[in-house]
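An overview of the molecular structure
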Amino acid sequence: MKKLTALLVLASLSASCSGLRETDDGFSAHAESFRIVGFAIPGEDDAAAMALVPEGATITTVHSSPADWTSFFGVLNNILGFSVTTVSGTK
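Scope of this entry: the structure provided in the associated data block. Computed from a predicted model, the values in this text were never measured in an experiment. (Residues numbered from 1 in each chain as written. Predicted model: local features only at pLDDT ≥ 70, side-chain atom pairs only at ≥ 80, totals over all residues. Heavy atoms only, no water.)

1. Overview of the side chain of serine 88
- Its place among the elements puts serine 88 in strand 5 (residues 80–90).
- Only 2.4 Å separates the side chain of serine 88 from the side chain of threonine 61, close enough to count as a polar contact.
- Once residues lying within four places of it in the same chain are set aside, the contact partners of serine 88 are Phe27, Ser28, Thr58, Ile59, Thr60 and Thr61. (Helix = DSSP H or I, 4+ residues; strand = E, 2+ residues; numbered from the N terminus. Polar contact = N/O pair within 3.5 Å; in protein donor to acceptor, adjacent residues only side chain to side chain. Contact = heavy atoms within 4.5 Å.)

Shown next as structure tokens:
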């Protein structure tokens, strides 16, 4: 039980990452979260990535790993997995 708890704590700490890369005319924002039985730790990665988008920017692509309950990979990811969202575009 201690090993499982330590693994979950380590996974949640490593999954609580988000960031923004900018160039003169573009940007790429990303966020990750750890999912266990549908709960995103530390929070929803899609909302965290969208919050990093520069004001006035034009979003051209959004890529997110499945986190739904209607697809095979979405269910697997929701039970125990990592979720990643990347938003990119121009400024």
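2. Remarks on the environment of glutamate 55
- Checked against the element boundaries, glutamate 55 lands in the loop between helix 2 (45–51) and strand 4 (58–64).
- The spacing of glutamate 55 and lysine 91 is 36 residues in sequence and 8.4 Å in space, taken between C-alpha atoms.

3. Focus on a nonpolar patch on the surface
- A cluster of nonpolar side chains, namely Met50, Ile59 and Val62, defines an oily patch on the protein surface of about 250 Å² accessible area.
- Among the secondary structure elements, methionine 50 is positioned in helix 2. (Patch = residues over 30% accessible without salt bridge, like charges linked within 9 Å, V, L, I, M, F, W, Y side chains within 5 Å. Areas by Shrake-Rupley, 256 points an atom, 1.4 Å probe, with all protein chains shown as cover. Salt bridge = Lys/Arg side-chain N within 4 Å of Asp/Glu carboxyl O.)

4. Looking at unusual backbone geometry
- The peptide bond linking isoleucine 41 to proline 42 adopts the cis configuration, its omega dihedral lying at 10°.
- Even without a glycine there, the phi angle at valine 37 is positive, about 50°.
- In this fold, valine 37 is placed in the loop between strand 2 (26–36) and strand 3 (39–41).
- We classify valine 37 as exposed; its relative accessible area is 56%. (Buried < 20%, exposed > 50% of the residue type's maximum accessible area, 1.4 Å probe, protein only.)

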